[in-house]
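Chains, contacts and geometry: an overview
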Amino acid sequence: MGYSYMASDEIEAESAESALEQNVWKADKKAYRGYVPWLVAAVMIGLWWGVTALHLFPPTSLPSPGSVVHDFIVVATVGYSGEPLLTSTLYSLGRIATGFIAAVAVGVPIGFWMASTEWVFLAIDPLLQFLRPIPPLAYIPVMIVWFGIGETSKVVLIFFCTIPIIIISAMSGVKSVQETRVRVAQCLGANKRQLFRYVIFPSALPEIFTGMRVGIGIAWTCLVAAEMIAASKGLGWMIESAGNELQIGVVFVGIVMIGLLGYGMELIIRSVEHRVTPWKGKA
Amino acid sequence: MIALKEVSKFYPPTARGAKPVLAVDHVSAEIEEGEFVCIVGPSGCGKTTVLNMVAGFESVSQGEILVGGKLVSKPGPERAVVFQQPSLLPWMTVFDNIGFGLTLQEGRKTRQRDKVAQMIETMGLGGFEGHFPYQLSGGMQQRAAIARALITEPEILLMDEPFGALDAQTRADMQKFLLAVWERLRPTVLFITHDVEESIVLADRVIVMTPRPGRIAETIDIGLGRPRNWDMILSPEFLRYKKEVLTILRPPRDASQNAG
Ligand SMILES: Nc1ncnc2c1ncn2[C@@H]1O[C@H](COP(=O)(O)OP(=O)(O)O)[C@@H](O)[C@H]1O
Ligand SMILES: [Mg+2]
């Protein structure tokens, strides 16, 4: 009897080990994760190509993928209106990064302050709700009058459009802290600063990240408006200007670039988020 | 020493126009230094409210609570709390969670790493110090939470149904473990449970509460001897205590009919 037990134990141990070798411990990664995004991209481009090949729309309103690739090469090498694509991309990235980082740096503390002090909330909330629905285009004249036509006005426009969502997410992140966790720190003798550092701030992080992800999208949305302010470089400027000249291919190059860069930034924030808040959704 | 003097607690009305909720009604009790006292009562009878008032999380509506002769007004490190819900901080490893009280005392990440490591061993959490709470089973999480409460060697341990969510086997293990720790460190323990057997197994004294509004029905001294012999849960004395408590919680039918 003892022998049979041992035998069955051995079999189990063996099969468990061979299972380990097959990496069963990895959370089941679905095979389609690898190809669905690429498949979608391929289908979209295929449809685009099909529609243009059948001449369903005049090429002045929907250029073919081939001609957009051609325009891309031209814009990337020769440039559009004397500005190479790389220069425009870097200018736009710089404006977005500056406006967005400033919005996070200013917005997060304001959100924390609003969540912790009632009069600050009462003072700032109406202002915030008042500013939120104003479309970026409406800011342009004000920005020009206040900040001129240089870089400042473009960055400030992006800053203003992005900061409300950052403030709101930081504020609601603090408010969503679980009372038990605050109590844990209190009954172990935490002072206010320690309570913030060890409990409130980490609790608010997941919502701040969500706010940043939404915010970076808004920042790109504002780009065209920002670069309508007397710009001579930038993806937004390129789209606006090429549109006026009916160079629809260049417009498409700009749109695709903004889409790809926005997507790239989202992926970066997502991976930082994953590293900084690995517990998100698990506790 | 903990003293509750005619303590009542009203919560604000839950609906518009409703009356305030009387959760705890004139509760008086004294708990001696080093004593292990259980409060047992049905769910919703105000046990958590009593514990939260002693911890300083909730204010007292009437009466007063004294701890070591001082009026309780806010939470303090001499009263460590183990909560009903899992309460480890998810952004800290098991090591940092257990050393959290020391970290707060020292004002920087704790230097008493040996002390934390020893506590981790004592709690049977060796090898898991680098894990995050979500990577632990419920029983291990609760052991870590108890370790966190014990590491600063508090005089008073307040425990709110800490084993309520555990399976029967783990729960029995944790009870043994808690008693062993208590024999060694002798903190004053106020332990809340709705499990009658648990209260008798653990306590020197069982306070039985009645539901809505929460009042103390009776206090029963448990003379089962220390250290507890685990076979006693089959002994006639144990069953007598159990019957006594159950009778208070659920009065025999004919008695209530006579009363009604
Ligand atoms: N914050 C609150 N606001 C209003 N009523 C509450 C609040 N907390 C608890 N109560 C009420 O007080 C009573 C006692 O609750 P509690 O102390 O949690 O009971 P127990 O821990 O014994 O289950 C319950 O009827 C509950 O509904
Ligand atoms: Mg309770």
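Please read all numbers here as calculations on a predicted model, not as lab measurements. (Residues numbered from 1 in each chain as written. Chains lettered and ligands numbered in written order. Predicted model: local features only at pLDDT ≥ 70, side-chain atom pairs only at ≥ 80, totals over all residues. Heavy atoms only, no water.)

Here we come to the overall build of chain B. In terms of regular secondary structure, chain B is built from 9 helices and 10 strands. Against the 2.2 N^0.38 benchmark of 18 Å for 260 residues, chain B shows a C-alpha radius of gyration of 19 Å, consistent with a compact globule. Projected onto its principal axes, the C-alpha positions of chain B cover 65 × 50 × 35 Å. Counting contacts in chain B only where the partners sit at least 6 residues apart, residues at least 24 apart contribute 67% of the total. Total accessible area on chain B stands at roughly 12200 Å², and carbon and sulfur atoms take up 50% of it. Distance between charge centres in chain B, computed from 29 positive and 31 negative side chains, equals 5 Å. (Helix = DSSP H or I, 4+ residues; strand = E, 2+ residues; numbered from the N terminus. Rg over C-alpha atoms; globule rule 2.2 N^0.38 Å. Contact = heavy atoms within 4.5 Å. Areas by Shrake-Rupley, 256 points an atom, 1.4 Å probe, with all protein chains shown as cover. Lys, Arg positive; Asp, Glu negative; His and termini not counted. Charge placed at Lys NZ, Arg CZ, Asp CG, Glu CD.)

The next subject is the sheet that holds strand β3 (residues 36-40) of chain B. Remark on secondary structure: sheet strands pair via backbone hydrogen bonds, oriented parallel or antiparallel. Residues and elements named next belong to chain B. Read from one edge to the other, the open sheet built from 6 strands follows the order β6-β7-β8-β3-β9-β10, with strand pairing classed as mixed. The sheet terminates laterally at β6 (79-82) and β10 (215-221), the two strands that pair on one side only. Going across the sheet, the axis of each strand differs from the next one's by a mean of 20°, ignoring polarity. As paired elements, β3 and strand β8 (residues 188-193) share 5 bridges and run parallel to each other. By the bridge assignment for β8, Phe36 is matched with Val189. Against the sheet, helix α5 (residues 138-150) engages β6 and β7 (156-160), with an angle of about 175° to β6. Across the sheet, helix α6 (residues 168-185) lies against β3, β7 and β8, angled at about 145° from β3, the strand it touches most. (Pairing = 2+ DSSP bridges. Axes fitted to C-alpha atoms, helices over the stretch in contact; angles between N-to-C directions.)

Residues and elements named next belong to chain B. Looking at chain B, the domain boundaries give domain 1 (2-78 + 157-251) and domain 2 (89-153). If you look at where domain 1 meets domain 2, you find 0 salt bridges. Counting the contacts that link domain 1 with domain 2 gives 1 residue pair in polar contact (both at pLDDT 80 or more). Where the side of domain 1 that touches domain 2 is concerned, the elements lending two or more residues are β7 and α6. Here the element with the most residues in the side of domain 1 that touches domain 2 is α6; it accounts for 6 residues. Its residues assigned to classes, the side of domain 1 that touches domain 2 shows 9 nonpolar, 1 polar and 1 charged. (Domains from an automatic or database assignment. Salt bridge = Lys/Arg side-chain N within 4 Å of Asp/Glu carboxyl O. Polar contact = N/O pair within 3.5 Å; in protein donor to acceptor, adjacent residues only side chain to side chain. Nonpolar A, V, L, I, M, F, W, Y, C, P; charged D, E, K, R; others polar.)

Residue and element names in this part refer to chain B. Overall, antiparallel pairing links the 4 strands, which are arranged β2-β1-β4-β5 in an open sheet. Each edge of the open sheet is held by one strand with a lone partner, namely β2 (21-31) and β5 (70-71). In this sheet, β2 lies alongside strand β1 (residues 2-11) in antiparallel orientation, the contact comprising 7 bridges. The residue of β2 that forms the bridge with Phe10 is Leu22. Along the sheet face, helix α1 (residues 47-55) touches β1, β2 and β4 (62-67) and points at about 120° away from the line of β1.

If you look at the biggest cluster of nonpolar residues, it comprises 92 residues, and the most contacted ones within it are Val199 and Met238 of chain A together with Leu4 and Phe100 of chain B. In terms of domain composition, this core takes at least three residues from each of domain 1 (2-78 + 157-251) and domain 2 (89-153) of chain B. Sequence-distant contacts of Leu4 of chain B, defined by excluding residues within four places in its chain, comprise Val27, Ser28, Ala29, Val50, Val54, Glu64 and Ile65 of chain B. Counting 51 residues, the second-largest nonpolar core is a separate cluster that includes Val40, Leu136, Val181 and Leu202 of chain B. (Core = buried A, V, L, I, M, F, W, Y, C linked by side-chain atoms within 4.5 Å. Buried < 20%, exposed > 50% of the residue type's maximum accessible area, 1.4 Å probe, protein only.)

A separate point is the interface of chain B and chain A. Counting residues at the interface gives 23 residues for chain B and 19 residues for chain A. Of the roughly 2100 Å² buried between chain B and chain A, counting both surfaces, carbon and sulfur atoms make up 72%. In terms of surface lost to chain A, no three residues of chain B exceed Trp91, Leu104 and Tyr134 of chain B, which account for 34% of the buried area on that side. Taken together, chain B and chain A are joined by 1 salt bridge. Of the charged contacts in the structure, one is a salt bridge between Arg183 of chain A and Glu58 of chain B, with a shortest N-O distance of 3.8 Å. (Buried area = accessible area lost by both parts, 1.4 Å probe.)

For the rest of this paragraph, the subject is the environment of Gly82 of chain A. Position of Gly82 of chain A among the secondary structure elements: in the loop between α3 (65-77) and α4 (85-116). Remark: the alpha-carbon pair of Gly82 of chain A and Ile200 of chain A, spanning 118 residues in sequence, is separated by 51 Å.

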